[in-house]
Amino acid sequence: MTDEKTKTPETIDIWVAGTEEPQFSPTDEGAQEIGLDESESRLDEQFGRVVSDDYVFDEDATDDERMIVNMGPQHPSTHGVLRLQIELEGEIIRRTKPIIGYLHTGMEKTAEVLTFGQGTTNVTRMDYLSPLHEELAYSLAVERLLDVEVPERASAIRVLMTELNRVASHLVALATNGMDVGALSMMVYGFRERESILSFFEKTTGLRMNHNYIRPGGVAADLPPGWKDDVAGLLENLPVKFEQYDDLLKENPVWTSRTRGVGIITAEEATAYGITGPALRASGVDWDIRKAMPYSGIDKYEFDVPLGENGDVYDRYRVRVLEMYESLKIVEQVMDSMPKGDYRIDDRKVTPPPRARIDESMEALIHHFKLFTEGFKVPAGETYVAVESPRGELGCYLVSDGNARPYRMHMRGPSFANLQGLPIAMADSLMADTIATIASMDPVMGDVDR
Amino acid sequence: MSDFSPLIDELVAGFESAVLEDSHGQAVVRLQRDDWVDFAKAAKDAGFEVCVDVTAVDWMRQRPERFEVVANLLSMQHKLRLRMITTVGRQEPTVGSLVPIWPGADFAEREAYDMFGIVFEGHPDLTRILMPDDWEGHPLRKDFGVGAVPVQFKASHQVD
């Protein structure tokens, strides 16, 4: 018995394809036995009565011991079709390479065959969680090339709708982040509250998503009758729910231990890699386009920019929650100070005639027909307009050669740039934290691949 | 002198060939291709700490140099934006890479390579990013067709 124990086990050659096949000894009866060491402690381990951790991390691991694991593209927690090539050393991630393009549908090419008026139907489908921000960035770019100014009411409606959209988008981020870390109830709650915002969107724009509501020259329609009651209802209901989320997550030991100190991005890394939005602010960089380079008169309203300190998953979650409160603050101010007036510019070049005029005037009918078939011409030039989307800087680079279709339209998607931060956030962290880190960056693949 | 910022004036004055333009109230600097990387370095030292975006425009048969390469810079500390534009020809669409200066230009340059075939010299991993690896051509070039999917019932027989 003692002889068996001291004997070193035979090394087993692993046959590598293309090399000479080693001499494998045929399995004998003895190898089928449960174990030759039948001492009490060994048997306890074998029967599972005692669990011991026998994993020893090898500091001198060579490249042979590194393993490359493919995650995705079909994985529920990659928020779409994101594929990650992860180089592992045991449980520890050394390098990550995001591989994207699975959702690429050539929307920038499509934009070149659509008129400026049709363009919003295209861009709204890019970032499907914040469609109104996409429409806003595009519309602002077209308006800048046209050199027109939209009425105050149109701007106020735009701010109202985009800030509500920010809340809806952050709710999805929270919901999916919760789901990925194991708080499944958070996912149900997040989507439930988002639905209440989406039903207001449906009432206003006709669609839950992909609204095509914000258009060059203003918005598609005025706010519906009774909109104040709906918004007031949201303002009353949502903060109560947010407090419930805080009860559920803020100090939850499982949540905090899975998110605190995980997936850290420092402020220097974030700026170097062009990361924007809540992911940048969680690292402590005070940068919000709404404050620094305001658009649509958003500087008229009072709000704060919540900042994180550590740049970890928890801070990104926290920044999002606090941003939702700030957005509701803006919504409340817009609601109370909604200016009267037209919801689109009174410029016949861009705006179609009112519906009632079409029935009585032949010219109005022709005008309407021309605008929706030929579109309007935009003077030659190029511009870049950026708005603060829920994910960061959403920019539209628009080039016109004087025709009715954009010569080139490029959207700078915040998720696209933020994905570059994923390898940094995940380097030298545990495999198990991957999902939490991806969720905290909140990438929308429609925005990444376009 | 422009009405943008003394910082931008000073930056542009350092390069003989650089031309500062006002494009709808935004600062645009047009550069010679050889100055592209040097200007970017100077811009970073001047406080433009973020390269927001790199993209391209195809001016096929409209301009002598076919492609425009566009980079949008952002200075968070000075709250300024600056757009760098240079042109590259059809025969050799090559320009220096900004990745050594701003690592965040990585994905954007790969996209410009994928979509336009612009080669960024010095980029660590210039491969296709959105299109499949074996794709032929560069889709956002103007001579690349939009394409159409055959529809089964489009030319259906008329029913009496």
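Source: prediction; values computed, not measured. (Residues numbered from 1 in each chain as written. Chains lettered and ligands numbered in written order. Predicted model: local features only at pLDDT ≥ 70, side-chain atom pairs only at ≥ 80, totals over all residues.)

Chemist: In this structure, what is going on with the overall build of chain B? I would like to understand it.
Modeler: Regarding its fold elements, chain B presents 3 helices and 7 strands. The linear arrangement of helices and strands in chain B, starting from the amino end, is α-β-β-α-β-β-β-β-α-β. The C-alpha radius of gyration of chain B comes to 19 Å, more than 25% above the 15 Å expected for a compact globule of 160 residues. Taken over the C-alpha atoms alone, chain B extends approximately 75 × 35 × 30 Å along its principal axes. Every one of the 160 residues in chain B was classed for burial, and the buried ones make up 39%. When contacts within chain B are restricted to residue pairs at least 6 apart in sequence, long-range pairs at least 24 apart make up 50% of them. (Helix = DSSP H or I, 4+ residues; strand = E, 2+ residues; numbered from the N terminus. Rg over C-alpha atoms; globule rule 2.2 N^0.38 Å. Buried ≥ 20, exposed ≤ 12 C-beta atoms within 10 Å, placed from the backbone. Contact = placed C-beta atoms within 7 Å.)

Chemist: How do you make sense of the overall build of chain A when you look at a structure like this?
Modeler: Within chain A one finds 19 helices and 8 strands. Taking all 450 residues of chain A together, the buried fraction comes to 44%. Long-range pairs, those at least 24 residues apart, make up 69% of the contacts in chain A between residues at least 6 apart in sequence.

Chemist: When you look at the sheet that holds strand S3 (residues 50-58) of chain B in this model, what are you seeing that I'm missing?
Modeler: Strands pair in a sheet through their backbones, by hydrogen bonds, and they do so in one of two ways: parallel or antiparallel. Residue and element names in this part refer to chain B. Across the sheet, which stays open at both edges, the 5 strands sit in the order S1-S2-S5-S4-S3 with mixed pairing between neighbours. Both edges of this open sheet fall to strand S1 (19-23) and S3, since each of them pairs with a single strand only. Strand-to-strand twist across the sheet, computed as the mean angle between neighbouring axes with direction ignored, equals 25°. Two elements, S3 and strand S4 (residues 67-75), share 8 bridges in a ladder whose sense is antiparallel. Residue pairing across strands places Cys51 opposite Leu73, the latter belonging to S4. Contacting S1, strand S2 (26-31) and strand S5 (80-88), helix H1 (residues 6-13) crosses the sheet at an angle of about 25° to S5. Its contacts with the sheet put helix H2 (residues 36-46) on S2, S4 and S5, and the angle it makes with S5 is roughly 170°. (Pairing = 2+ DSSP bridges. Axes fitted to C-alpha atoms, helices over the stretch in contact; angles between N-to-C directions.)

Chemist: Is there a simple way to think about the sheet that holds strand S3 (residues 92-99) of chain A in this case?
Modeler: Residues and elements named next belong to chain A. Strand order in the open sheet formed by 3 strands is S1-S2-S3, with antiparallel pairing between adjacent strands. Taken across any chain shown, the strands that pair with only one partner, and hence form the sheet edges, are strand S1 (66-71) and S3. Averaged over all pairs of adjacent strands, the angle between strand axes in this sheet comes to 20°, irrespective of strand direction.

Chemist: What should I look at first to understand unusual backbone geometry in this one?
Modeler: Peptide bonds are trans in most cases, and residues, glycine excluded, mostly fall at negative phi. With a phi close to 50°, A:Ser296 is a non-glycine residue in the positive phi region. With respect to the secondary-structure elements, A:Ser296 resides in the loop between helix H12 (289-292) and helix H13 (313-336). In the Ramachandran plot, B:Lys79 falls in the positive-phi region, its phi being about 55° despite a non-glycine side chain.

Chemist: Just to check I follow, could you spell out the nonpolar core for this structure?
Modeler: If you look at soluble globular proteins, the nonpolar side chains tend to sit buried side by side. Ranked by size, the top nonpolar core spans 144 residues in total, and within it A:Ala137, A:Ala141, B:Cys51, B:Leu73, B:Met84, B:Ala112 and B:Ile118 carry the most contacts. Among the elements that make up this core, the one with the highest residue count is helix H6 (residues 152-181) of chain A (15 residues). (Core = buried A, V, L, I, M, F, W, Y, C linked by C-beta atoms within 7 Å.)

Chemist: Can you help me understand the pairing of S3(A) in this one?
Modeler: Consecutive residues of a regular strand have side chains that alternate between opposite faces of the sheet. Residues and elements named next belong to chain A. In terms of strand pairing, strand S2 (residues 83-89) meets S3 through 7 bridges, oriented antiparallel. Residue pairing in the sheet places Ile86 in a bridge with Thr96 of S3. With antiparallel pairing between neighbouring strands as the criterion, S2 and S3 make up a hairpin whose turn holds 2 residues, including Gly90 at a positive phi of roughly 70°.

Chemist: Got a minute to help me understand the environment of A:Thr271 in this structure?
Modeler: Its location among the elements puts A:Thr271 in helix H10 (residues 267-272). Distance in space between the C-alpha atoms of A:Thr271 and A:Met71 is 27 Å, their sequence separation being 200 residues.

Chemist: Would you mind going over the packing of H6(A) against H13(A) with me for this structure?
Modeler: If you want to describe how two helices pack, look at the angle between their axes and the distance between the axes. All names here are of chain A. Axis separation between H6 and H13 bottoms out at 9 Å; the angle between their running directions is 155°. Accordingly, the angle class assigned to the pair H6 and H13 is roughly antiparallel. In the packing of H6 onto H13, the handedness of the crossing is left-handed. The residues of H13 that touch H6, namely those facing Ala156, Val159, Leu160, Glu163, Leu164, Arg166, Val167, His170, Ala173, Leu174 and Asn177, are Tyr317, Arg320, Glu323, Met324, Ser327, Leu328, Ile330, Val331 and Val334. Across the contact of H6 with H13, the residue classes break down as 13 nonpolar, 3 polar and 4 charged. (Parallel < 35°, antiparallel > 145°, perpendicular 65-115°, else oblique. Left-handed = near helix turned anticlockwise from the far one by under 90°. Nonpolar A, V, L, I, M, F, W, Y, C, P; charged D, E, K, R; others polar.)

Chemist: Please clarify how the interface of chain A and chain B should be interpreted in this entry.
Modeler: By a widespread convention, an interface's size corresponds to the accessible area lost as its parts come together. At the junction of the two partners, chain A supplies 31 residues and chain B supplies 26 residues. Per-class residue counts for the side of chain A that touches chain B are 13 nonpolar, 10 polar and 8 charged.

Chemist: Even after reading the chapter, I still don't get the confidence of the model for chain A, so can you show me in this structure?
Modeler: Atomic detail in the predicted coordinates should be set aside for any region of low pLDDT. Across chain A, pLDDT averages 84, with 85% of residues at or above 70. Predicted confidence for residues 28-34 of chain A stays below pLDDT 50, and this span has 1 contact to residues more than four positions away or in other chains. (pLDDT = per-residue confidence, 0-100.)

Chemist: What should I look at first to understand the packing of helix H8 (residues 227-250) of chain A against H13(A) in this one?
Modeler: Residue and element names in this part refer to chain A. Close contact between H8 and H13 brings their axes to 11 Å; oriented N to C, the two are set at 160°. Judged by the inter-axis angle, H8 sits roughly antiparallel to H13. You can see that H8 and H13 cross each other, and the crossing is left-handed. In this structure, H8 contributes Lys228, Val231, Leu235, Leu238, Pro239, Phe242 and Tyr245 to the contact, and H13 contributes Val321, Met324, Tyr325, Leu328, Val331, Glu332 and Met335. Residue classes in the contact of H8 with H13 are distributed as 12 nonpolar, no polar and 2 charged.

Chemist: Hey, could you run me through the environment of A:Ala356 in this one?
Modeler: All names here are of chain A. On the secondary structure map, Ala356 appears in helix H14 (residues 355-360). Residue class for Ala356 comes out exposed when judged on the 9 C-beta atoms lying within 10 Å of it. Put simply, Ala356 and Asp312 are 44 residues apart on the chain and 55 Å apart in space, counted from C-alpha to C-alpha.

Chemist: How should I be thinking about helix H3 (residues 105-116) of chain B in this particular structure?
Modeler: In this model H3(B) runs 16 Å from its N-terminal to its C-terminal C-alpha over 12 residues, within 8% of the 16 Å that 1.5 Å per residue would give. With 12 of 12 residues buried, H3(B) lies mostly within the body of the structure. Residues of H3(B) that are buried include every one of B:Ala105, B:Asp106, B:Phe107, B:Ala108, B:Glu109, B:Arg110, B:Glu111, B:Ala112, B:Tyr113, B:Asp114, B:Met115 and B:Phe116, and no others. Among the structural elements, helix H16 (414-418) of chain A together with S3, S4 and strand S7 (119-121) of chain B are those in contact with the buried residues of H3(B). Within two residues after H3(B), B:Gly117 carries a phi angle of roughly 75°, on the positive side. (Expected span 1.5 Å × (residues − 1).)

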